[in-house]
Amino acid sequence: MNQKKKAYEAHEVAYQRMKVKGLCSWAEFNAQNEHCNGLDAHLERFMADALLQPWAPSNGKAIEIGCGTGPVTRWLAKRGFKSLGIDISKTAIAMAKEQSKGLEIRFKQADICTDLPSKPGVFDLVVDGHCLHCITQPKDRKAFLNNAYRILKPGGLFLVSTMARPIDRQTFAKKYQEKLIGSTLYAAWDTAKDFKNHRTIKGKAYLPTRYIGHWKDLLAEIKTAGFHLQQVRLNLHYTNDPISSLCVGALVPTEKSKNG
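Conventions adopted
Residues numbered from 1 in each chain as written. Predicted model: local features only at pLDDT ≥ 70, side-chain atom pairs only at ≥ 80, totals over all residues. Heavy atoms only, no water. Helix = DSSP H or I, 4+ residues; strand = E, 2+ residues; numbered from the N terminus. Buried < 20%, exposed > 50% of the residue type's maximum accessible area, 1.4 Å probe, protein only. Contact = heavy atoms within 4.5 Å. Areas by Shrake-Rupley, 256 points an atom, 1.4 Å probe, with all protein chains shown as cover. Lys, Arg positive; Asp, Glu negative; His and termini not counted. Charge placed at Lys NZ, Arg CZ, Asp CG, Glu CD. Core = buried A, V, L, I, M, F, W, Y, C linked by side-chain atoms within 4.5 Å. Pairing = 2+ DSSP bridges. Axes fitted to C-alpha atoms, helices over the stretch in contact; angles between N-to-C directions. Patch = residues over 30% accessible without salt bridge, like charges linked within 9 Å, V, L, I, M, F, W, Y side chains within 5 Å. Salt bridge = Lys/Arg side-chain N within 4 Å of Asp/Glu carboxyl O.

Draft legend 1. Spotlight on the overall build of the protein. Looking only at helices and strands, the protein has eight helices and 11 strands in total. Projecting the C-alpha coordinates of the protein onto the three principal axes gives extents of approximately 50 × 45 × 40 Å. With 260 residues in all, the protein has 51% of them scored as buried. If you take every contact in the protein between residues at least 6 apart in sequence, the share linking residues at least 24 apart comes to 66%. Split by element, the accessible area of the protein, about 13100 Å² in all, is 49% carbon and sulfur. The average position of the 39 basic charges and that of the 24 acidic charges among the side chains of the protein differ by 4 Å.

Draft legend 2. Geometry of the nonpolar core. With 33 residues, the main nonpolar core has Ile65, Phe123, Val126, Phe144, Phe158 and Phe227 as its most contacted residues. At the level of elements, strand 1 (60–65), strand 2 (81–87), strand 4 (123–129), helix 6 (138–151), strand 5 (152–167), helix 8 (215–224) and strand 11 (243–251) are the ones that each hand at least two residues to this core. At five residues, the largest contribution of residues to this core is made by helix 6. Within the second largest apolar cluster, 18 residues are counted, among which are Ala62, Val72, Phe81 and Val127.

Draft legend 3. Local environment of the environment of Tyr238. Counting through the fold element by element, Tyr238 comes out in the loop between strand 10 (228–235) and strand 11. As for Tyr238 and Val160, which are separated by 78 residues in sequence, their C-alpha atoms are 21 Å apart.

Draft legend 4. Region of interest: the sheet that holds strand 1. Judged by pairing direction, the sheet is mixed, and its seven strands sit side by side in the order 3-2-1-4-5-11-10 without closing on themselves. Across the chains shown, the open sheet's two edge strands, defined by having one partner strand only, are strand 3 (105–109) and strand 10. For this sheet, the mean inter-axis angle between neighbouring strands, taken without regard to orientation, is 20°. Bridge count for strand 1 against strand 2 is six bridges, and the pairing is parallel. Of the residues in strand 2, the one forming a bridge with Ile63 is Leu84. Along the sheet, helix 6 contacts strand 1, strand 4 and strand 5; its crossing angle with strand 5, the most-contacted strand, is approximately 150°.

Draft legend 5. A look at a positive patch on the surface. Together, Lys61, Lys82, Arg106 and Lys108 line one region of the surface with positive charge. If you trace the backbone, Lys61 turns up in strand 1.

Draft legend 6. Quick peek at unusual backbone geometry. The residue after Arg165, namely Pro166, is reached through a cis peptide bond having omega 15°. A positive phi angle is found at Asn197, which is not glycine, with a value near 65°. Here Asn197 shows up in the loop between strand 7 (184–188) and strand 8 (199–201). A positive phi is found at Lys202, a non-glycine position, where the angle reads about 50°. For Lys202, the position within the fold is in the loop between strand 8 and strand 9 (204–211). Taking relative accessible area as the criterion, Lys202 reaches 88% and is therefore assigned exposed.

Draft legend 7. Geometry of the pattern of salt bridges. Scanning the entire structure with this criterion turns up six salt bridges. The shortest N-O distance in the salt bridge between Glu98 and Lys101 comes to 3.3 Å. For Lys101, a relative accessible area of 61% puts it in the exposed group. For Asp124, the salt bridge goes to Lys153, with nearest N and O atoms at 3.3 Å. Here the residue Asp124 occupies a position in strand 4, and Lys153 occupies one in strand 5, the gap between them amounting to 29 residues. Assessed through its relative accessible area of 17%, Asp124 is described here as buried. With a relative accessible area of 32%, Lys153 lands in the partly exposed category.

Right, dumping it as structure tokens:
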């Protein structure tokens, strides 16, 4: 009997569908935008602001975790970073390479929850461009953050952009078909039973697709992994988006703990 895959591995199916539709990025897939920039406005502003700070690297090696088709990785490369993008989806990596022709960027299929994509202590900058909230299980989230910590140099910077509570639940219920149970968002998925941690709700199979923790709990997770918080921005929910988002800039201590 085949072992069931983790829920976040379903992103491969999503990127296959995106490719068939001729879409360039996850942002375009969700919002049907007409452009291929693919950058979330909150994340782009936060990255630009964070990298202006005296404690942030101005160059060096950067890695984006959950790079998708590579818009953030390309943004980093254009700012002078030697950039690597990793993603669980082989289709996403193929699309990223196609869209990044002519740029000195590397892309690699990897699972940050199970394997280090490089030797420890290599990167000056690690960016989570909306990957962490796709990791719903506590064990995997801990591994994600611990591995992000391990691949950074002492004094290295970790930038995170993730969904967060509070949520406007009334607007959410009107706008989305997904079910929010505790901190986990479940989406109806035709092959959900092929993945771990699926749930059956009123006879329909649902896949855990997002973890939406309260912003204070998310900060505690990052601190527990050994990071020192430097910059925090909470974007509260509004009319068009009932889910808040959290952006965090956190440093690895100059003398790493044994966790590193």
